[in-house]
Amino acid sequence: MAVRHYTLDINLSTPVDSASVVPGLLSIFHEQELTETIHDTNGHGYLATFVGKNGRLVVLRVHSHGLVTIDLQCHEDDNIAQLDNLLNALEKKLKVLLNGNITRIKRLPALVRGAKVDRYWPTADGRLVEYDVDEVVYEEDSAYQNIKILHSRQYGNILVLDGDVNLAESDLAYTQAITGNGRENYAGKEVLILGGGDGGILAELVKQKPKMVTMVEIDQKVIDGCKMYMRRTCGNTLDTLRGDCYQILIEDCVPLLKKYVQEGRTFDYVINDLTAIPISTSPEEDSMWEFLRLILDLSVRVLHPKGKYFTQGNSVNLKEALSLYEEQLGKLSCPVDFQKEVVCVPSYLEQWVFYTAWKK
C-alpha cells in the first residue's frame, strides 16, 4: 500500500520560541486523536511527532532559524477530506499565532510514495518531476537494462530505460533535432543509426526515401516493446527488420563500427542515439566517457568526407559536462568542427542540447 506525504512550510521574518506556537496547535492534534512525543534536538529548535491509531504520522518542527514545518504521512486509502481539514486547521491557526511574522506559506500536493505506478522521475540536472502516469503498459528486464513503457495522459506512452526517461510519443522535437531539424536532405543517402530502438529516427528518415538506413540496436526487447506500445513514434517500421530502404541489425555497434572502419565503408550521415553525455565530470576515470570517446572516434572515421554526425548532448543546465564533451570533440584522431542547438523536448521538461559535427 502506498503512502501519501503532505508538507506545510511557513517561513518567518524572525525566529520564534516554540512555547508561543506549539500550545495553540495541541488541541487540533488531540481532536484527531494524535498522541504527542517530544524529541530532544540538542538546542536546534522544537521537534515533536504525533501518531494516530489509523497510521497517521505528523512531524512538527519549529526551527531555530525562522521556519515552521509540518509533515503529514498517511496510508493512500486514508480519508483525504479529513486530511485536508486537518492541514487547513493547522494553517489557519498558525496564521493567527504568527500574525505579522509570516513571509511565506507553502503547501505542496501530496507526494505518493511506494505506489504501484511510479510517477516520479528526476531531470538530468537533479530536479524531481511528477508525471501524469497512470499505467505501466510494458516492462521487461533484458540482458542490458530494465525497460518500461508508461502511459501518460499528456505525453502519450513514454519509454524509460533503467529509470531514465528516453522518449515519449509527444517528443517529435527530439527526433527532428537529432536529424538536423529539417535542414538535411536524406533522399538517396546512406545513413547509420546507432541505437534508436524506439524507431522514431528510422520512421522519420524512411519518409525521405534514403538509399539505405542501417540501424544498429543491441536490445531486441526495446524494439519488441516499442513496436507494440510506441506506434505514434515508430509507425510500422519496427514490424520487420528489413524494408525497402532500411535494415535493422540486432547487435553491438562497436564491433560493427570497427568492421566498417577496416572495410573503408562510409556513410553520409551517422546518427548517434545511444546515450546522453555522462553527467560525471571526470572523463579520464568514468567508463561511460571512455565508451563515448570510442563511439565518437569510430563514427567520425566511417563518415563520408562531406558527411555529418548528429547526437544528443544533455540538459542545457549541465554546462560543465557539455564543455567536457566539446573538449572530447577536439581530441579526435580525425579533426572535426561542430555546432550545437538547444531544443525543448516536451516530456523532458528541460531544454536539451544537440550536436552536429563534420570533418574539417
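Conventions we followed
- Residues numbered from 1 in each chain as written.
- Predicted model: local features only at pLDDT ≥ 70, side-chain atom pairs only at ≥ 80, totals over all residues.
- Heavy atoms only, no water.
- UniProt positions renumbered as here; feature names shortened; annotations may be inferred.
- Pairing = 2+ DSSP bridges.
- Helix = DSSP H or I, 4+ residues; strand = E, 2+ residues; numbered from the N terminus.
- Axes fitted to C-alpha atoms, helices over the stretch in contact; angles between N-to-C directions.
- Salt bridge = Lys/Arg side-chain N within 4 Å of Asp/Glu carboxyl O.
- Buried < 20%, exposed > 50% of the residue type's maximum accessible area, 1.4 Å probe, protein only.
- Contact = heavy atoms within 4.5 Å.
- Polar contact = N/O pair within 3.5 Å; in protein donor to acceptor, adjacent residues only side chain to side chain.
- Core = buried A, V, L, I, M, F, W, Y, C linked by side-chain atoms within 4.5 Å.
- Phe/Tyr/Trp six-rings, centres within 6.5 Å; stacked < 30°, edge-to-face > 60°.
- Lys NZ or Arg CZ within 6 Å of the ring centre and 35° of its normal.

By the naming in an unreviewed UniProt entry, the protein goes by Spermine synthase and is assigned to Poecilia formosa. As recorded by UniProt, the Pathway (unreviewed entry) comment attached to the protein reads in full: "Amine and polyamine biosynthesis; spermine biosynthesis; spermine from spermidine: step 1/1."

When you look at the sheet that holds strand 18 (residues 336-345) in this model, what are you seeing that I'm missing?
Strands pair in a sheet through their backbones, by hydrogen bonds, and they do so in one of two ways: parallel or antiparallel. A sheet is described by the order of its strands in space; here seven strands give the open sequence 15-14-13-16-17-19-18, paired in mixed fashion. Strand pairing shows two members of the sheet lacking a second neighbour, strand 15 (246-250) and strand 18, which therefore form its edges. Neighbour to neighbour, the strand axes of the sheet diverge by 15° on average, direction disregarded. Sheet analysis places strand 14 (residues 212-217) next to strand 15, joined by five bridges and oriented parallel.

Explain the pattern of salt bridges here, please?
In a structure, side chains of opposite charge can pair up when their charged atoms sit close to one another. As enumerated under the stated definition, the model contains 20 salt bridges in all. Note that K211 and E190 form a salt bridge whose closest N and O atoms lie 3.9 Å from each other. Note that K211 is positioned in the loop between helix 4 (200-206) and strand 14 and E190 in strand 13 (residues 190-195), a separation of 21 residues in sequence. When its relative accessible area of 18% is taken as the criterion, E190 is described as buried. Each of D84, E91, K95 and R107 takes part in salt bridges that share partners, so that together they form one network.

Help me understand the UniProt feature "active site" (unreviewed entry) in the protein, please; the structure alone is not making it clear to me.
Annotation from UniProt places "active site" (unreviewed entry) at D273. Locating D273 in the fold gives a position in strand 16 (residues 267-273). With residues near it in sequence (within four places) discarded, D273 still touches Y174, I178, L194, G195, G196, D198, I201 and Q312. A polar atom in the side chain of D273 sits 2.4 Å from the side chain of Y174.

Just to check I follow, could you spell out the nonpolar core for this structure?
Generally speaking, a soluble globular protein has its nonpolar side chains buried in company with each other. The biggest cluster of nonpolar side chains holds 80 residues, and the ones touching the most others in it are L192 and Y325. Looking at this core, the element that brings in the most residues is helix 8 (residues 287-301), giving six residues. Ignoring anything within four residues of it in the chain, the contact list for Y325 reads I277, W289, L292, L296, Y309, T311 and Y355. One finds L25, Y46, F50 and A110 within the second-largest nonpolar core, a separate group that totals 27 residues.

What is the right way to read the packing of aromatic side chains from this model?
Remark: the centre distance and the inter-plane angle together describe each pair of aromatic rings, the angle taken between the planes. Inspection of every chain in the model, using the stated rule, returns 11 aromatic pairs. For the ring pair Y138 and Y229, a centre distance of 6.0 Å and an interplane angle of 45° mean the geometry is tilted. Residue Y138 is found in strand 9 (residues 133-141), and its partner Y229 is found in helix 5 (residues 220-229); the two are separated by 91 residues along the sequence. An aromatic cluster is built from Y174, Y348, W352 and F354, whose rings are joined through pairwise contacts. Across from the ring centre of Y260, 4.9 Å away, lies the NZ or CZ of R265, which sits over that ring.

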